[in-house]
Amino acid sequence: MRLDKWLLPGITAVLLSASAHADDTTVTRSSAFEVDLSIVAVSDYRFRGYSLTNTGPALQPELTLSHASGLYLLAWGSNIDDNGGAGVEADFGAGYYTEFGRFNLDVSGMYYSYPDANDDNYAEFTGRLGAAFDSGEVGITVAYSPAQENIGDLDNTYVSLDGSLPLKGTPLTLLGSYGIEDGAFGDSKQDWSIGLSTDLDPFSVSLTYVDASRTGHDPLADPAAVLSVSRMF
């Protein structure tokens, strides 16, 4: 998952995140692989602060095949507002996730595709380093898109901080993120979010305030409260 597409928006988040956790490196061959399916419904598909559904809702399935070694493959999709003739985004990626001490590392390559608008397809490479503290976690993500024809022969860099902190004595977790983007998709563009999440078995629910710097007062970057409901299968 894109962490962030992943909500925090994305991030997180999507990030999402599309992480394959390998907890037992001595598993047998028959149990070395794991398949996970998740479906997320959001009131507004926000990617790095900007609405890609013209502030409308989206349904976002994700399928992940992970190996005990930490390697994984993923496919992610969402409806979007009309994008050069495309009403669907379909992303495909591969990556590696590992844990060491209180730290975790997730590196991946993603290909963002838009059926019926192939001129908008592009690739991006992402790395996230997370660190656990007490019962929470903080992480830093660096995403880089090398110069490609479909993004104007320019490269793009996105750097973000994200964190989560369970609120003691409550079923709630505090979430937050802050990102800066520069290159093909932004000129020192900033985005940020803060919200709360909780588990309502078998669902996970979050409500997040999302905002972004609005060069030219782009209404798709206006602040919004985004509701997300997800379920793992």
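The shown structure was predicted, so the numbers you read here are calculated from the model rather than taken from an experiment.

A. Fine view of the overall build of the chain. A count of helices and strands for the chain gives zero helices and 15 strands. In the chain, which comprises 233 residues, the share counted as buried stands at 43%. Only carbon and sulfur atoms are counted for the fraction: they give 61% of the accessible area of the chain, which is about 11600 Å².

B. View of the environment of D82. Topologically, D82 is positioned in strand β6 (residues 71–83). Taking the C-alpha atoms as reference points, D82 and N54, 28 residues apart in sequence, are found 9.0 Å from one another.

C. Representation of the side chain of D211. Within the secondary structure, D211 is located in strand β14 (residues 203–212). For D211, the side chain forms a polar contact with the side chain of Y209, separated by 3.3 Å. Not counting the four nearest positions on each side in its chain, D211 is found in contact with G49, D191, W192, A221, D222 and P223.

D. Representation of the nonpolar core within the structure. In terms of nonpolar packing, the biggest core is built from 17 residues, with V42, Y45, L74, Y112, Y114 and Y122 touching the most fellow members. Breaking this core down by element, the ones donating at least two residues are β2 (33–42), β6, β7 (86–100) and β8 (103–113). When residues of this core are assigned to their parent elements, the largest contribution, four residues, is made by β6.

E. How the structure looks around the packing of aromatic side chains. Throughout the structure, instances matching the rule amount to five aromatic pairs. On the numbers, 5.9 Å between centres and 25° between planes, the contact of F100 with F103 is stacked. Judged by relative accessible area, which is 40%, F100 ranks as partly exposed. Their ring planes at 75° and their centres at 4.7 Å tell us that Y112 and Y122 sit as a pair that is edge-to-face. Taken together, the residues span a long stretch of sequence, with Y112 in strand β8 and Y122 in strand β9 (residues 122–133) at a distance of ten residues. The same class applies to Y112 as to Y122, namely buried. Taken together, the aromatic side chains of F47, Y112, Y122 and F185 make up a single cluster linked through ring pairs. For R48, the ring lying beneath its charged end belongs to Y158, and the centroid distance is 4.3 Å. Above the ring of F203, the side-chain terminus of R231 is found at 5.8 Å from the ring centroid.

Rules used in this analysis
- Residues numbered from 1 in each chain as written.
- Predicted model: local features only at pLDDT ≥ 70, side-chain atom pairs only at ≥ 80, totals over all residues.
- Heavy atoms only, no water.
- Helix = DSSP H or I, 4+ residues; strand = E, 2+ residues; numbered from the N terminus.
- Buried < 20%, exposed > 50% of the residue type's maximum accessible area, 1.4 Å probe, protein only.
- Areas by Shrake-Rupley, 256 points an atom, 1.4 Å probe, with all protein chains shown as cover.
- Polar contact = N/O pair within 3.5 Å; in protein donor to acceptor, adjacent residues only side chain to side chain.
- Contact = heavy atoms within 4.5 Å.
- Core = buried A, V, L, I, M, F, W, Y, C linked by side-chain atoms within 4.5 Å.
- Phe/Tyr/Trp six-rings, centres within 6.5 Å; stacked < 30°, edge-to-face > 60°.
- Lys NZ or Arg CZ within 6 Å of the ring centre and 35° of its normal.

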